[in-house]
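Fold and contact review
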Amino acid sequence: MAKIELQEVGLRYENNDVLSNFSIEVEENEFLTLLGPSGCGKSTTLNLISGLLEPSYGEILIDGQVVNGVAPRHRQVAMVFQDYALYPHMNVFENLSFPLKAQKLGDQIIRSRVEDVCQTLGMAELTDRFPSDLSGGQRQRVALGRALVRDPRAFLMDEPLSNLDARLRVAMRAELKRLHNQVRTTIVYVTHDQAEAMTLSDRVAVLWDGKLQQIGTPREVYERPANQFVAGFVGGLGINLVPCTVESTGGDHFLSQGSFRIPISDRLAKKIETQSGREVAVGIRPEHIVVVEQEETGTQGVIEVLEYLGPETLVHLRVGTVPLIAKAPAHANWDIDTKVNFRIDKSRACIFSGKDERLIAVGIE
Amino acid sequence: MFPYVLILPASALVFAVALYPMFYAFHLSLHESALMVTGEFVGFENYWRLISDPASWWNMTASLIFVAGSVFLAVGLGLALALLLNQRIAFRTTFRTGILVPWVVSQVVAAMVWRWLLNADYGPVSMALLDLGLPRLDPLGDPRFAMAALILTNVWRSVAFPMILLLAALQGIPENLYRAARVDGVSWFTTLTRVTIPMLRPTLLVCVIVLTLSDFNIVALPLVLTGGGPLDSTDLISLRLYREAFTYFNMDTASAIAIILFFVNVLLTFAYLASMRGRR
Amino acid sequence: MKPYILRQKLRHGILFLTLSGITVLMLLPFIWVIITSLKPESQVYVFPPEWVPSPVTLENYQAVWASNMPLYLFNSTIVAVGSIILTLIVSIHAAYAVSRFKFRGMNVFMFLLIASHMIPGVANLVPTYLLASKMNLLDTYIVLILVYSMWQTPLVVWLIQGFLQNVPQSLDKAAMVDGYSRLGAMYRVVVPLSKPGLAAAAIVVFVYAWNEFVIALTLTSSDEMRLAQVGLKYYISQFGIQWGELTAAVVLSTIPVLLLFILLQKWFIYGLTSGAMKG
């Protein structure tokens, strides 16, 4: 299994930077996810690795060899497409054997390899069917099978689960994970679904606007987002971003916006000042805000909207001019327009620079 | 590089068999030439000769009458047929197939068929006229009726084209528009003139322009049906071009007419493209 | 019966009768020709005309079959099939380029196609004739196939291109990653998937080539090279018209297109209208 490197790769198209100065190393047998909103360049990256696109600059290496200019068919990578790209005029067997035929393998070998893959994926009885007769999940399986059958150096997967309905997606997600554990191979996986990225990956690379924003383990990306964009994109409920000013009265420092005030230490105030001046954004995830109705501690806010989601309830609060979303247990049952107290888990709050939205610190002390 | 290789054969074909000959025709039209020999350069003389010749003005007029009559009738009847066929009715496909048959046969066959049908001595039309107490009539031999017969034959042959396009367009009109009109209590006639026809306008335009182009350049049908006669009553400009070239071998005059026809076509095509652009 | 149901039934009845009448009227000229073709010589020229031939005879068809008409039909078939092959080969590649690539000069190419469509057939005939004669191509299959293919190529490129747009590009990509070249992907995946479009295009070309008359008339001269439509014209001579044989020849020469039309109506209509609709 192969190691894939992109060195300072970029793609310009009609004077737009689709991808700029992108460097990444995918380790052998690693499951790496490219995460980002549509149009961020993640599928482009995949096409660059597969050779369907050529970069405007930079080098792409597979197993230490530069593959720029090498045709897709000679790169020995397999790809799974969002729409599966099953050949509609071929049945499952023919679909699976198509890449093997390209290698001019004998019929015997082709048959046994296709049958092996069908066994692995549990679709031995489907071989005579045509794609139009398959369910979404079965098509997905065939698409995976067509990639597996080749024994490629790496798998490239372009939003392979996004055409499935929600429940099937979760099931296939688990299956993919199991498959990766089983065959242990390099996978570059593209998705816009942060939950997929978090659950599947060894590492996640977050892309936006053709640029790499952050790369790290799911935990790193979630807990220490490199900037506001990553913070908002990762984590199912997003993040509350509160623009604040550092205020100092006497020896005390606060992050404040109107009646929203959080005291901070000397040290943090200094750190902010050197990196960002006075303007910052405080990022607090909804799951790190606890509404404490009874006690008189914490900050006070007004409940504006309650969204009952089943497993939990989202509480839309307002503190002065600041809107905040908090996650509360499903049984939470407050009235609209009532005042409640809430507590912020300050150790997990993030502080972003007001200048360039980069992370300054995690945890308010 | 690759896409250029792919389009090369098509480009070569179109250049060699369409564009280059057209340049050559322009070249010919500026020279005095007979049959195979290109003579000396005469500038626009061939054009002047045509313009000062009353016969060519009649050719143009005849073409205009023919085109206007054919297109108006074909589109009008095509619309009527499309509206009829757009109803839920038994054997709808059978009717459609039957009406489409004349569209499939060649112009030569259409001309032959109508020559025989309109035959004054042995044809059923002649008999029908007699049965109605009208005098025996030879439409193809009578300068007063030959143009009408030509137009009739052409409409018979081409009416299915606007019909099929309009039928497709009708089926593309959202059913909800009609539901809304019915709920609003609009009469069917008002629905037709205020909803259906405005929605069909782009397609009607396409029909008009495509038919105008093809009718303007028509040769086979008039050549076999009337041969331009009697007494030049159906001598269309396209027919004149054909005759100048391949009966009299006046290649210079023929080329000049060809260039004139070409520009008429260009104008019509631009009108067509402009109307398509307006549609988007 | 409730009045509104009655009204509806009445409306349907009238509509049905109207459409039946129109259909019969449209077919009547052709029916008349078929009837005549089945009449013996003596019955063709009588007035008032008889609508039922008695006895029904195939002597006209036998006469046509014994003439050179079968040869003309054969020539027409060769030219039509040749035109289909050439047009499709040329057009598939161009259509693939147009549907899959954005390249400099693509608009020029499309303009060239449209421009060639603007050229009136008759107008092109004079120079084509002269050029063909200079190159000694007159009276050959090749010149007819070339000219017919050229006239159909713009339309067919457009038609196939529209079809290729509906073949997802991910299929080409998948085939390329699976180990095939671009052309390999095109031949193995894209072309098989656009079979309906190719069929529609083939029908368009066939009908055009089969029915075309003026080009065939001017670019061929010998009897051996004559096409069916031109052959029909020669039944009209200065000695008058043999209507019995002519009608039989008309029927014979129309059967191929008619059969094709009835069997493949859907693709036929699609092919012949799509060019106009997409403009």
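First things first, this report covers the structure right here in the doc.

Scoring rules and cut-offs
Residues numbered from 1 in each chain as written. Chains lettered and ligands numbered in written order. Predicted model: local features only at pLDDT ≥ 70, side-chain atom pairs only at ≥ 80, totals over all residues. Heavy atoms only, no water. Helix = DSSP H or I, 4+ residues; strand = E, 2+ residues; numbered from the N terminus. Rg over C-alpha atoms; globule rule 2.2 N^0.38 Å. Buried < 20%, exposed > 50% of the residue type's maximum accessible area, 1.4 Å probe, protein only. Contact = heavy atoms within 4.5 Å. Areas by Shrake-Rupley, 256 points an atom, 1.4 Å probe, with all protein chains shown as cover. Lys, Arg positive; Asp, Glu negative; His and termini not counted. Charge placed at Lys NZ, Arg CZ, Asp CG, Glu CD. Nonpolar A, V, L, I, M, F, W, Y, C, P; charged D, E, K, R; others polar. Buried area = accessible area lost by both parts, 1.4 Å probe. Salt bridge = Lys/Arg side-chain N within 4 Å of Asp/Glu carboxyl O. Polar contact = N/O pair within 3.5 Å; in protein donor to acceptor, adjacent residues only side chain to side chain. Axes fitted to C-alpha atoms, helices over the stretch in contact; angles between N-to-C directions. Left-handed = near helix turned anticlockwise from the far one by under 90°.

1. Points about the overall build of chain C
Helix and strand counts for chain C come out as 14 helices and two strands. Scaling as 2.2 N^0.38, a compact globule of 279 residues should have a C-alpha radius of gyration of about 19 Å, whereas chain C reaches 24 Å, well beyond that. With the principal axes as the frame, chain C shows a C-alpha extent of 75 × 70 × 35 Å. Here chain C, with 279 residues, has 57% of them falling under the buried criterion. Within chain C, contacts between residues at least 6 apart in sequence are counted, and of these 74% link residues at least 24 apart. Split by element, the accessible area of chain C, about 11700 Å² in all, is 69% carbon and sulfur. Across chain C, 17 positive and 10 negative side-chain charges occur, with their mean positions spaced 25 Å apart.

2. Looking at the interface of chain C and chain B
Frequently, the measure chosen for interface size is the accessible area that the parts lose on association. Contacts between the two partners involve 91 residues from chain C and, on the opposite side, 92 residues from chain B. For the side of chain C that touches chain B, the leading source of residues is helix 1 (residues 3–37) of chain C, giving 17 residues. Classifying every residue of the side of chain C that touches chain B by side-chain character gives 62 nonpolar, 23 polar and six charged.

3. Remarks on the interface of chain C and chain A
On the chain A side, the residues contacting the 17 residues of chain C number 24 residues. Note on chain C versus chain A: buried area summed over both sides is about 1700 Å², and carbon and sulfur give 66% of it. Of all residues in chain C, the largest losses of buried area upon contact with chain A belong to C:V177, C:D178 and C:Y180, amounting jointly to 37% of the total for that side. Applying the counting criterion to the chain C and chain A interface returns two salt bridges. The salt bridge partner of C:D178 is A:R150, with a shortest N-O separation of 3.7 Å. Viewed at the interface, chain A and chain C are joined by nine residue pairs in polar contact (both at pLDDT 80 or more). Taken together, the residues of the side of chain C that touches chain A break down into 10 nonpolar, three polar and four charged.

4. Quick notes on the packing of helix 1 (residues 2–29) of chain B against helix 5 (residues 106–118) of chain C
Two elements in contact, helix 1 of chain B and helix 5 of chain C, have axes whose closest approach is 10 Å; the angle formed by their N-to-C orientations is 35°. You can see that helix 1 of chain B and helix 5 of chain C cross each other, and the crossing is left-handed. The residues of helix 5 of chain C that touch helix 1 of chain B, namely those facing B:I7, B:A10, B:S11, B:V14, B:A18 and B:L19, are C:F109, C:L112, C:L113 and C:S116. When its residues are assigned to classes, the contact of helix 1 of chain B with helix 5 of chain C shows eight nonpolar, two polar and no charged.

5. Overview of the arrangement of the chains
Sorting the two pairs of chains in contact by contact count puts chains B and C at the top. Without any contact between them, chain A and chain B keep their closest C-alpha atoms 14 Å apart.

6. With respect to the side chain of A:H288
If you trace the backbone, A:H288 turns up in the loop between strand 14 (279–284) and strand 15 (289–292). Contact partners of A:H288, with chain neighbours within four places excluded, come to A:Y222, A:R343, A:I344, A:D345 and A:R348.

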